[in-house]
Structure formats: C-alpha cells, structure tokens
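Results of the structural survey
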Amino acid sequence: MAYTYTNKRRRLKHSSTTPNKWADELPTELLGLIVKKLASNFMDIGRFKAVCSSWNGAARSYTSAPLPQYPGLMYPSTQWGWNGKGICFFSLAEKKVYKTEESQGFLGVGSFLGSSHGWLVMEKVAWAFSEISLFNPISRKSRTLPPFPRGSPISKIVLSSDPSCNSKFVVVVIHETLNVPTRLAFYQHGRGGENANAWTVLEGSHDHYFDILLRNNGHLFALSRDHSIQVWDFGDTYNNNNPTKIMHFRPSRNGIHGTMMGDKTWLVESMDELLLVEREWLGNNSRGAEKFDVYKLNIAAKTLEKVECLRDCALFLAKNQLAMSLSTQKLPRLKENSIYFADEYHEFSHGGGITDIHVRGVFNFETKVVKQYCITGANNFDYSPAVWIVPSPW
C-alpha cells in the first residue's frame, strides 16, 4: 500500500499501482542528508530502511563505515525477565523501552557478563561449566567462546575488537579462583593450532583486580586493589608469542585522599587519555546518593591527576561492566561533562519483592548534582545486572 500526490487537489491519494513511488523518486543527495541526521540512532536507521528498497540501499551506502551510536541499557523486566519471554532495551536517545522475545538470541541465557564493541557477553550455566557466548543483538550474529569452569565466576570481560570486522580478536577476563582472589585469562579467537579452543592464564597475573582495559595498541591495563597498574602487551600474540608484562607501577596520589571502593572503581579511555573513576556511596540506605571522582593516569610521571571537567564527553558506568566514554560532539543528545550510571535497589510490596533498575541518574561534574530517573519493574534483576551497550548495527 502506498500514497501519492494528485496534481489537481494536492492531497494524499491511495495508489495500489505505484507502491512507494514518491519515496523512490527522492534525490539521492536528499536521502543522504536524511541518513546522516538519523545515523546515530540505529532504531531510526531501521525504520528508514523499511520504507522501500531505494531507501534501504541509500542507508547501506551512507552507513557502510561504523558511525557513533547512542548507547542503551539492556536488562530483564517483570513480564519479560529470564523466567519469562525475553529482555528489554532502554534507548537513551529516545527515552523509550523496547522488548524482545527470548527466542531472538537469548534462549537459555543465565546472565549478562557485560558488553564490548557492541556485542553482549552472555553466560549459560551448565553442570560443570559456564557456556560463554558473544551476541550482537542488532545483526543477530553470535560467536561461541570456550567454556569456563563453573567455580571460577567472571567479573569483567573485554574484547580487543569488533568480531563483525575482525575474525581474529582477543578476549580477556577477570575471574575468581580458589588459590588467589582473582586472575586474568585470555582467549584468542581465530588463532588455530594447539590450545586454539582454550583459555590461557595470563602469566604474572596473581592479584586482586578491580578492572581491565584493552587499548587499540594491544596494551592491556589492569587495576589492582593496592592502586597499582599492571600492563601486558598483546600486540604480537597471533605470531605464537605470549603476552608480555611490560609495566607494573603504583601511581602516586599526591594531595588526593580517599580509598578505592572495590567494584566501584573503573578504568576508562577517554579522548586518548586513561582515566580512573571512583564512586563513593553517601548515605546509609539503599537509595543513598553518589559522589564521583575522576583522575587522569599520567603514565610517564606515574601519577594520578585530579580531573575537574569531562570536556566534550560523557562517561557510562555499570556495576560489573567496563566503563565507556562517548563524544558529546558526535552524540549531541548526551550531556557533556556528565557520568551516566546504572544501579539497582530493592523495594518490597505486599505482593513480594520488586527490583527496580534505577538508572540512578546523570551526575553533573560541574554542579556535583545527580539527576535521577528510573526504569521500573525489573524483576529477577538479581540474576543479571543491567549493562550499557553501544549498538554495532553494521
């Protein structure tokens, strides 16, 4: 069914013989301008492609290269939770929740372990092992990783690159063990040869790690409880070389007071700089307030320097997830100089326990004020924390 303009009355008139003719006749240059306006929200691009074949082709030609995308929050909900029929995606650009059925790639999923390069890391718990898989919720592509021992839970996970663009990528995890508090392990997808389908313990990693960060140059940064930074070089691992530990230092914090807060500490790369983010919980109840401090890691001087402004960017944090930094110039609907964070709290009603996913808000770095808003009705949240994801639709 389509609609065309009549010359006489200049109003929409139904036409069954010329489907989408008006859409097909729009100039290519105009379609390109529309696509550029919509490109940062994959939901808009999806609607644009659905209009007709010419619009679909225009979208593909103008979005062949990866473009910055607005992030969203993925989580289970009351009606659509793990024991129900699927999950929810909260679009930050649209302030709207979308629901998807469990059969659309989430069947049997036990929890989300995080996201990296637009791919969800999902866990299915078996009898002796945890099945780990990567899933792109937009393209519906998936990758299976080697199983992990059930008694070694994973707390953080990171990919070296987008599996859609590179079949050879590295996966690094922080996991618990019986002998030491945490260890680091890695897996090289697409390498082949001996131990091609196995996790390898990272040599020299025997500490209580809070966070990890894998930079584009192949350097893995690990933050431990005593504030020390350990660095491994993964740059040449596909030539049968093991990652090499190239740095281990404890940056000084001259004039900086306070202690690290366990899972409330993150490493993040922002504007080509390495930042350390700490969250301090204020108050004595489940709805207490947050205070955030950000420091720049000066590797040459081995110091942490207090950051007073997050210029042209916004940070995204979640409890057990790697932090993200996104450009507010490329994504103008985001608030500059702000920290978005996802958290949860419990409330109880007469009918039983209810868990809300509370995107506890946006912390304004200038005013030090949190603007709170929440997404309600996320039952079964205990089984899987919410995760931020930047969609990778191409």
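Look above for the structure.
The rules behind these values
Residues numbered from 1 in each chain as written. Predicted model: local features only at pLDDT ≥ 70, side-chain atom pairs only at ≥ 80, totals over all residues. Heavy atoms only, no water. 1 Å grid on protein atoms, 1.4 Å probe; cavity = no way out; pocket = protein on both sides within 12 Å on 5 of 7 lines; lining within 4 Å. Points joined across faces, edges and corners; volume = space filled by probe spheres on them. Helix = DSSP H or I, 4+ residues; strand = E, 2+ residues; numbered from the N terminus. Nonpolar A, V, L, I, M, F, W, Y, C, P; charged D, E, K, R; others polar. Buried < 20%, exposed > 50% of the residue type's maximum accessible area, 1.4 Å probe, protein only. Phe/Tyr/Trp six-rings, centres within 6.5 Å; stacked < 30°, edge-to-face > 60°. Lys NZ or Arg CZ within 6 Å of the ring centre and 35° of its normal. Polar contact = N/O pair within 3.5 Å; in protein donor to acceptor, adjacent residues only side chain to side chain. Contact = heavy atoms within 4.5 Å.

**Here's the deal with the layout of surface pockets**
Quantified by volume, the largest pocket comes out at close to 1400 Å³. His117, Met324, Ser325, Leu326 and Val390 are the residues nearest the centre of the largest pocket, which is lined by 40 residues in total. Breaking the lining of the largest pocket down by element, the ones donating at least two residues are strand 6 (111-116), strand 11 (154-159), strand 15 (209-214), strand 19 (265-270) and strand 24 (324-327). Residues belonging to the lining of the largest pocket are distributed by class as follows: 23 nonpolar, 12 polar and five charged.

**A look at unusual backbone geometry**
The residue His117 is not glycine, and still its phi comes out positive at about 55°. As for its position among the elements, His117 is in the loop between strand 6 and strand 7 (119-125). Even without being glycine, His227 reaches a positive phi, approximately 75°. Tracing the sequence through the fold places His227 in the loop between strand 16 (219-224) and strand 17 (229-233). Look at His227 and you get buried, because its relative accessible area is 14%.

**Structural notes on the environment of Met74**
Take Met74: it is sitting in strand 3 (residues 72-75). Between the C-alpha atoms of Met74 and Cys88, which are 14 residues apart in sequence, the distance is 5.6 Å.

**Description of the packing of aromatic side chains**
The final tally for this structure, using the stated rule, is eight aromatic pairs. With a centroid separation of 5.2 Å and an interplanar angle of 80°, the aromatic rings of Phe148 and Trp199 are classed as edge-to-face. Here Phe148, found in strand 10 (residues 148-149), pairs with Trp199, found in the loop between strand 13 (182-189) and strand 14 (200-201); they are 51 residues apart in sequence, far enough to count as distant. There is no split in this pair, since Phe148 and Trp199 are both buried. Between Phe316 and Trp388 the ring centres are 5.1 Å apart and the planes differ by 75°, which places this aromatic pair in the edge-to-face class. Of the two residues, Phe316 is situated in strand 23 (residues 313-318) and Trp388 in strand 28 (residues 387-389); the sequence distance between them amounts to 72 residues. Trp388 matches Phe316 in its accessibility class, with the two residues each being buried. Each residue in the set Phe292, Phe341, Phe363 and Phe365 is aromatic and connected to the rest through ring pairs, giving one cluster. One Lys or Arg, Lys302, reaches over the ring of Phe249 and ends 5.4 Å from the middle of that ring. Above the face of the Phe365 ring, Lys368 is positioned so that its terminal group lies 4.2 Å from the ring centre.

**Brief notes about the side chain of Gln321**
Here Gln321 shows up in the loop between strand 23 and strand 24. Exposure remark for Gln321: the relative accessible area of 2% places this residue in the buried category. Of the polar contacts made by the side chain of Gln321, one reaches the side chain of Ser115; its length is 3.0 Å. From its side chain, Gln321 meets the backbone oxygen of Trp388 in a polar contact 2.5 Å long. If sequence neighbours within four positions are ignored, Gln321 has contacts with Gly114, Ser115, Lys156, Trp266, Ala386, Val387 and Trp388.

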